[in-house]
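# Reading the structure
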Amino acid sequence: GATTIQVPWANASQSYLEDWDHDGVPNYADHYFGPGAESPFHVGAIQDEGHCLHDGSHEHDDNLAVINQQGSINNDQMLGDILVGDPVSELENYHHQEDDYSCAVASQREVIESITGLDIPEKVLADFAQANGWYAPDCGTSPSAMGNILEALGIPVVNSFNLTVDDIREALANGEKVIVGLNANEIWNPQVASDGLPLDQAVAGHAVQVTGMYQDDNEHWYMILNDTGIKDGGGEVVALKDFKNAWNDFGNQAVITMSNQQEVSHAC
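These remarks concern the structure in this document. In this text, all values refer to a predicted model and were calculated from it rather than measured experimentally.

## A word on the packing of aromatic side chains
One pass over the structure, following the stated rule, counts 3 aromatic pairs. When the centroid spacing of 5.7 Å and the interplanar angle of 85 degrees are considered together, the rings of phenylalanine 128 and tryptophan 134 count as edge-to-face. Judged by centre distance (5.1 Å) and plane angle (15 degrees), the rings of tyrosine 214 and tyrosine 222 are stacked. The exposure class assigned to tyrosine 214 is buried, which follows from its relative accessible area of 4%. Positioned above the aromatic ring of tryptophan 221 is the side chain of arginine 169, whose terminal nitrogen or guanidinium carbon lies 4.9 Å from the ring centre.

Structure follows, in structure tokens:
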């Protein structure tokens, strides 16, 4: 049988794929927002494509900037004067996801390894999540279930929507771990409109760990990610405007560990 993780955790009373509004289409909105509730997500696209992606599902730029173990970006330009978090150390915990829709599982695996030092195989975590109704191999992890594996292993988290970049910055500054849901298309291949603002693109649901933020010498901010959806995605560097565009498509959701603070403050 499937490998399980023995923890004091009750099985979910209902599956996140249950068809709560009896429309014949089980979906994430039914579970998180209740029967018939409106959702900030593009539910149809998520249902069609799954919550997460894998390398090759969509085209992405092979020249994405990444940081290295020396704290430099791959074009040899050093990080700027302001750095929040410890993205260089988090490179040691990066793993490329093993299944098409397992990005949320793989991201939680990275956090577990970062906090406990234990590298639990992705399949063990995926089987455990699937047994509890938090993950389905053919569609991924529901937004409401992101972080459940961490909590089951004794790592307290808060799964919130409508957060701000300041919330992420505060969490990283306090040594917390952050996983966000976002649109992969808008970080892998960002497009810009004639007014210079990022363009909205087709929804491609994804989950990544945010490991740091930095400001370059021109005072431009960047997010640093461990992105399990692409090979060598540890230390992926994304411009703040592109990150915010992608993050907004999934309700500005973040799963934040709570080992060093009691609650996430919401910036106005």
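Read on, since the account is not over.
## Looking at the pattern of salt bridges
Pairing is possible between side chains that carry opposite charge, provided their charged atoms lie close to one another. Under the counting rule described, the total for this entry stands at 5 salt bridges. When the shortest N-O distance is used, the salt bridge between aspartate 166 and arginine 169 registers 2.9 Å. Separated by 3 residues within a single helix, aspartate 166 and arginine 169 lie in helix 7 (residues 165-173), roughly one turn from each other. Here the salt bridges do not stand alone but share partners, grouping Glu98, Arg109 and Asp119 into one network.

## Let's talk about the side chain of threonine 211
Within the secondary structure layout, threonine 211 lies in strand 6 (residues 205-215). Given a relative accessible area of 3%, threonine 211 falls into the buried group. Setting aside anything within four residues of it in sequence, one finds threonine 211 in contact with Val84, Gly85, Asp86, Pro87, Glu90, Leu172, Ile224, Leu225 and Asn226.

## Remarks on the nonpolar core
One finds Ile168, Val178, Val180, Val210 and Phe243 to be the most contacted residues of the largest nonpolar core, which totals 28 residues. Of all the secondary structure elements, the ones that give two or more residues to this core are helix 7, strand 5 (178-183), helix 8 (185-188), strand 6, strand 7 (221-226), helix 9 (240-248) and strand 9 (254-257). Aside from chain neighbours lying at most four places away, what touches valine 180 is Met146, Ile168, His206, Ala207, Val208, Val210, Phe243, Trp247, Gln253 and Ala254. Formed by 23 residues, the second largest nonpolar core is a distinct cluster that contains Phe128, Ala152, Ile179 and Ala207.

Calculation criteria
- Residues numbered from 1 in each chain as written.
- Predicted model: local features only at pLDDT ≥ 70, side-chain atom pairs only at ≥ 80, totals over all residues.
- Heavy atoms only, no water.
- Phe/Tyr/Trp six-rings, centres within 6.5 Å; stacked < 30°, edge-to-face > 60°.
- Buried < 20%, exposed > 50% of the residue type's maximum accessible area, 1.4 Å probe, protein only.
- Lys NZ or Arg CZ within 6 Å of the ring centre and 35° of its normal.
- Salt bridge = Lys/Arg side-chain N within 4 Å of Asp/Glu carboxyl O.
- Helix = DSSP H or I, 4+ residues; strand = E, 2+ residues; numbered from the N terminus.
- Contact = heavy atoms within 4.5 Å.
- Core = buried A, V, L, I, M, F, W, Y, C linked by side-chain atoms within 4.5 Å.

From the geometry alone we can't say anything about function, so treat these as descriptive.
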